[in-house]
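# Coordinate inspection notes
Here is what each chain is made of, one letter per residue.
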Amino acid sequence: MRNSWVTWVFVLLLAIVPTAVFSGYHLFQLTMVVVYAVAILGMAILVGFNGQISLGHGAFYAIGAYTTAILMTTFDVPYWVTIPISAVVCAGFGFVIGLPALRLAGHYLALTTFALAVAVPQVLKHRWFEDWTGGVQGLVIDKPDAPFGLPLSSDQWLYLFSLGVAVVMYVLAWNLVRGRIGRAMRAIRDHATAAEAMGINLAMVKTRTFAVSAMYTGVAGSLGAIAVAFVAPDSFSVFLSITLFVGLCAGGAASIPGTIVGAVFIEFVPNLADKVSKAAPGAVYGVILIAMLFLLPMGAGGFLSGLWRKAVGSRMAAIGETRPVAAGHEVGVGVDLAGSLSTADPVHARRGESVKP
Amino acid sequence: MAQDQSQPLLRISGVQMRFGGVIALGGVSFDVGHGQICGLIGPNGSGKTTLFNCISGIYRYSQGDIQFEGRSLTNLPRHQMAGIGLGRTFQNVALFRNMSVRDNILVGAHNTAASGYIANALRLPVVRREQNDADRRLHELLDLLDLRQVTDTPAGAIPFGWQKRVELARALMTRPKLLMLDEPAGGLNHSEVDELADLMRRIRRQLNLSILLVEHHMNLVMRVSDKVVALEFGLKIADGTPDEVRAEPEVIRAYLGDTQEEDEHAGAA
Ligand SMILES: Nc1ncnc2c1ncn2[C@@H]1O[C@H](COP(=O)(O)OP(=O)(O)OP(=O)(O)O)[C@@H](O)[C@H]1O
Ligand SMILES: [Mg+2]
């Protein structure tokens, strides 16, 4: 445990360094890495730890972003006050979406959440809400300055502010997933019937996890809106949802450190692809993504835990068993997404394999 | 222990379960008493696992009633079964395969704690208290079931026999009054079966619980059970002490093939 504290303090110090080294656009990019990391963390809690697939988290990101933008422009609420409000609003939305999600498993849940992601930008454009949302034009937000007369540029301050919020959210998430609730979440992912037999209320845990997940991605949306200083419906198209999902897979679904890797991936790889080929950056991006998933099928988090597993492997040999593990270990698990897509009916799935050994 | 001993711990009355045209249980009735080890035997497909699933609410039976400590389980939500004292294992092993053995067993402590999302995220003192209590019991069970070597290994990566012990530990972690074991001896060798018999008697005594044991291993069932119930094609064909059930002509007939198979089994092992 002490070791991990030292690691985290080191990571944190490392994270503060950029304010001194970078400026302008580069610092903005790093701010977006922090923002995406929180958004992907929200997805990891839902998809990676709880096994509920969402292809529509861009919707919660958009709701968070718009909550902040509307509060700041229409109601003159200070930017930092909008964060907790956005958290509550998005958690509420997540909870409500989580209710029908209880009846949907695997592909169907993925499709339904995808539909949500398709719908949200259009709702944001709709003339009923135009007075608040600014319609197609969107809303321009004032960029906040550093408080207390700190000698920081607006970009530096935004980076540090986002980082501070992110650190708090990572600590809370880490506490959550390693304790009683986190175990319940993972138990449901791995075997819902057994989890229920252990006294876990599936409906309660799944809806609340959905709420927490939406809250995280929503807060990321708020931070993103402040950093970009602008929201418009087209920034939150389905492509955003897919991008976040890519980040989740690159990081390794059920790995908390992996979410940071995923965020770095989605922020920088498109730029990299653009540099490699101006003509077909999409193709280059695709190739990089495929290469990444081919080399690290369980994502970066799965790769890290794989190293860890090697250490355990020697111990397994001691009890006369060196069978390789199919899926990742939970410390940095890459969840087999295809696998969780196909376990729609645990009771019958179990009957299917009830042949005697 | 202030228990109401006047009624049985578990009472199964006329339970009927059908899957389409298949009648898996055709009105089964029997009791399991306090502190009893009750063996449940029957040829393949006789409805033993189906009965377990009816008790734990995974299947909803069409007729009959199941009472636990005098209270009907018919409309009790599945996730409340552990809380009232029903612990179980699964025939095919239903572990959380990506989770460590430690975490698998700790999931069993879910119903003995109450902290929620906010308390956990903030890691309030109540969470630490619960964790300490769970850890203490975890270590007792790791010792009891000899799982120290694999504590941090993913449950899906350990051998089948070890997985069965993890499942047993997880079930015991729920603090059951009735422990339902579905073929705990499956895949075990001769000496391991002996150890299992000792273990069952030990946990019954130490943890003050009753056991409902589904098992094909006749030897084991007859040795540890106070009472044996035999099923065939979803109907009860015998109910009594191990000696009574063994002598029952219906059981001998139903098991003629199986007994031979059982002997070969024993011979091979
Ligand atoms: N979910 C289900 N759907 C359809 N039929 C089922 C289902 N569950 C059980 N059955 C049928 O019910 C009957 C009893 O099965 P059950 O699994 O309870 O037997 P069992 O006594 O546990 O057998 P075994 O010793 O092989 O485990 C069988 O004919 C089985 O095919
Ligand atoms: Mg069975």
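Residues numbered from 1 in each chain as written. Chains lettered and ligands numbered in written order. Predicted model: local features only at pLDDT ≥ 70, side-chain atom pairs only at ≥ 80, totals over all residues. Heavy atoms only, no water.

### Section: the site of ligand 1
The criterion, for reference: Being near a molecule or strand, for a residue, comes down to having at least one heavy atom within 4 Å of it. Contacts described as polar in this section are N or O atom pairs within 3.5 Å, which, within protein, must combine one atom able to donate a hydrogen with one able to accept it, while residues neighboring in sequence count only if both atoms come from side chains. Values of accessible area rely on a 1.4 Å probe in the Shrake-Rupley scheme; residue burial ignores everything except the protein chains shown. Helix and strand definitions follow DSSP, with helices as H or I runs of at least four residues and strands as E runs of at least two, each counted in order from the N terminus. Three classes are used, and their members are as follows: Ala, Val, Leu, Ile, Met, Phe, Trp, Tyr, Cys and Pro are nonpolar, Asp, Glu, Lys and Arg are charged, and the others, Gly among them, are polar.
Around ligand 1, the structure places 17 residues, and the nearest of them are K48(B), T49(B), T50(B), Q91(B) and H216(B). Each of chains A and B places residues near ligand 1. Between ligand 1 and the protein, one listed contact pairs an oxygen atom with a side-chain N or O atom of Q91(B) at 2.8 Å. H216(B) places a polar side-chain atom, nitrogen or oxygen, 2.7 Å from an oxygen atom of ligand 1. Protein chains bury 79% of the 630 Å² of accessible surface belonging to ligand 1 in isolation. The set of elements that each furnish at least two residues to the shell around ligand 1 consists of α17 (346-352) of chain A together with β2 (22-32) and α1 (48-55) of chain B. The element that contributes the greatest number of residues to the shell around ligand 1 is α1(B), accounting for 3 residues. Split into classes, the residues belonging to the shell around ligand 1 amount to 4 nonpolar, 9 polar and 4 charged.

### A look at the coordination of the magnesium ion (ligand 2)
Residues and elements named next belong to chain B. Using the following cut-off: Distances define the donors: N, O and S atoms within 2.8 Å of the metal qualify, as do those within 3.2 Å of Na, K or Ca. Water is excluded, so some sites may look unfinished. Buried residues are those whose accessible area, probed at 1.4 Å on protein chains only, stays under 20% of the maximum for their type, while exposed residues exceed 50% and partly exposed ones sit between those limits.
Around the magnesium ion (ligand 2), the protein contributes the donor atoms T49 (OG1) and Q91 (OE1), at 1.9 to 2.1 Å from the metal centre. One end of the pair, T49, is in helix α1; the other, Q91, is in the loop between β6 (86-88) and α3 (101-107), with 42 residues separating them in the sequence. Accessibility expressed as a relative area gives 18% for T49, which makes it buried.

### Regarding the domain arrangement of chain B
Residue and element names in this part refer to chain B. The condition that has to hold: Just so you know, the domain bounds were taken from an automatic or database domain assignment. The contact rule is simple, with two residues in contact once any of their heavy atoms fall within 4.5 Å. The term buried area denotes the loss of accessible surface (1.4 Å probe radius) that occurs when two parts are joined, taken as the sum for both partners.
Segmentation of chain B into domains returns domain 1 (7-85 + 178-269) and domain 2 (97-175). Spacing between the C-alpha centres of domain 1 and domain 2 amounts to 26 Å. With 15 residues of domain 1 at the interface, the matching set in domain 2 holds 10 residues. Of the roughly 900 Å² buried where domain 1 meets domain 2, counting both sides, 74% is carbon and sulfur surface. When the area that domain 1 buries against domain 2 is broken down by residue, the three leading residues are A82, L179 and L199, summing to 35%. The tally of links from domain 1 across to domain 2 stands at 1 residue pair in polar contact (both at pLDDT 80 or more). Looking at the side of domain 1 that touches domain 2, the elements that each hand over two or more residues are α2 (81-84), β7 (178-182) and α7 (190-207). Of the residues contributing to the side of domain 1 that touches domain 2, the split by class is 9 nonpolar, 3 polar and 3 charged.

### Some remarks on the pairing of strand β1 (residues 10-19) of chain B
All names here are of chain B. Selection criterion: Only when DSSP finds a minimum of two bridges between them are two strands counted as paired.
Sheet analysis places β1 next to β2, joined by 8 bridges and oriented antiparallel. Within the sheet, the bridge partner assigned to I12 lies in β2 and is F30. From the end of β1 to the start of β2, which pair antiparallel, there are 2 residues, and G20 there has a positive phi angle of about 55°. Relative to strand β4 (residues 63-68), β1 is paired through 5 bridges, and the arrangement is antiparallel. Bridged to R11 within β4 is Q67.

### Quick word on the sheet that holds β7(B)
Residue and element names in this part refer to chain B. As a reminder of what qualifies: The angle between two axes is taken between their N-to-C directions and runs from 0 to 180 degrees, where each axis is a line fitted to C-alpha atoms and a helix contributes only its stretch in contact.
On the basis of which strands lie adjacent, the open sheet formed by 6 strands has the order β6-β7-β8-β3-β9-β10 and mixed pairing. Only two strands of the sheet have a single partner each, and these edge strands are β6 and β10 (235-240). With direction set aside, neighbouring strand axes in the sheet form an average angle of 20°. Where strand β9 (residues 227-232) meets β10, 5 bridges bridge the pair, whose relative direction is antiparallel. Bridge pairing links L231 to K236 in β10. Running over the sheet, helix α6 (residues 160-173) touches β6 and β7 and is turned about 160° from β7. Lying on the sheet, α7 is in contact with β3 (37-41), β7 and β8 (210-214); it crosses β8 at an angle near 155°.

### Description of the packing of helix α5 (residues 79-101) of chain A against helix α11 (residues 202-228) of chain A
Residue and element names in this part refer to chain A. Operational definition: Helix crossings fall into two classes, left-handed where the near helix is turned counterclockwise from the far one by less than a right angle and right-handed where it is turned clockwise.
Viewed as axis vectors pointing N to C, α5 and α11 meet at an angle of 145°, and their least axial separation amounts to 6 Å. Judged by the sense of rotation from one axis to the other, the crossing of α5 with α11 is right-handed. For the contact of α5 with α11, a count of residues per class yields 16 nonpolar, 7 polar and 1 charged.

### Observations concerning the pattern of salt bridges
Residue and element names in this part refer to chain B. Rules: One side-chain nitrogen of Lys or Arg within 4 Å of one carboxyl oxygen of Asp or Glu is enough to make a salt bridge.
Per the stated rule, a full pass over the model turns up 20 salt bridges over all chains. Here D143 makes a salt bridge to R148, at a shortest N to O gap of 2.9 Å. D143 gets classed as partly exposed once you look at its relative accessible area, which sits at 48%. Owing to a relative accessible area of 39%, R148 belongs among the partly exposed residues under this scheme. Of the charged contacts in the structure, one is a salt bridge between K227 and D239, with a shortest N-O distance of 3.7 Å. Residue K227 is located in strand β9, and its partner D239 is located in strand β10; the two are separated by 12 residues in the primary sequence.

### Observations concerning empty space enclosed by the protein
The criterion, for reference: Here a cavity denotes grid points, spaced 1 Å and computed from the protein atoms alone, that fit a 1.4 Å probe unable to get out, and a pocket denotes an open set having protein on both sides within 12 Å along at least 5 of 7 lines; residues with an atom within 4 Å of a point are the lining. Grid points are joined across faces, edges and corners, and a volume is the space filled by probe spheres set on the points.
For the coordinates displayed, the defined rule picks out 2 cavities of 30 Å³ or more. The calculated volume of the largest cavity comes to roughly 60 Å³. The wall of the largest cavity is formed by T193(A), E196(A), A197(A), S56(B), I58(B), R78(B), M81(B), L86(B), R88(B) and M180(B). In terms of residue count, the dominant contributor to the lining of the largest cavity is helix α10 (residues 192-197) of chain A (3 residues).

### Details of unusual backbone geometry
Even without a glycine there, the phi angle at D76(A) is positive, about 55°. Inspection of the secondary structure assignment puts D76(A) in the loop between α4 (57-74) and α5. Accessibility expressed as a relative area gives 67% for D76(A), which makes it exposed. The backbone phi angle of N208(B) is positive, close to 60°, even though this residue is not glycine. On the secondary structure map, N208(B) appears in the loop between α7 and β8.

### Some details on the pairing of β3(B)
Residues and elements named next belong to chain B. Most of β3 sits out of view: 5 of its 5 residues are buried. Side chains I37, G39 and I41 of β3 all project onto a buried face; the interleaved residues C38 and L40 project onto the opposite face, where all are buried too. As judged from the 4 bridges shared by β3 and β8, these two strands associate in the parallel manner. Considered in β8, the bridge of I37 is made with I211. Alignment of β3 against β9, held across 4 bridges, turns out to be parallel. Residue C38 lies in a different strand from β9, and its bridge partner there is K227.

### Regarding the state of the cysteines
Residues and elements named next belong to chain B. Selection rule: Any two cysteine sulfur atoms lying within 2.5 Å of each other are counted as a disulfide.
The full count for this structure, using the stated rule, is 0 disulfides over all chains. The thiol of C54 is not disulfide-bonded; the next cysteine sulfur, from C38, is found 16 Å away. For C54, a relative accessible area of 2% translates into the label buried.

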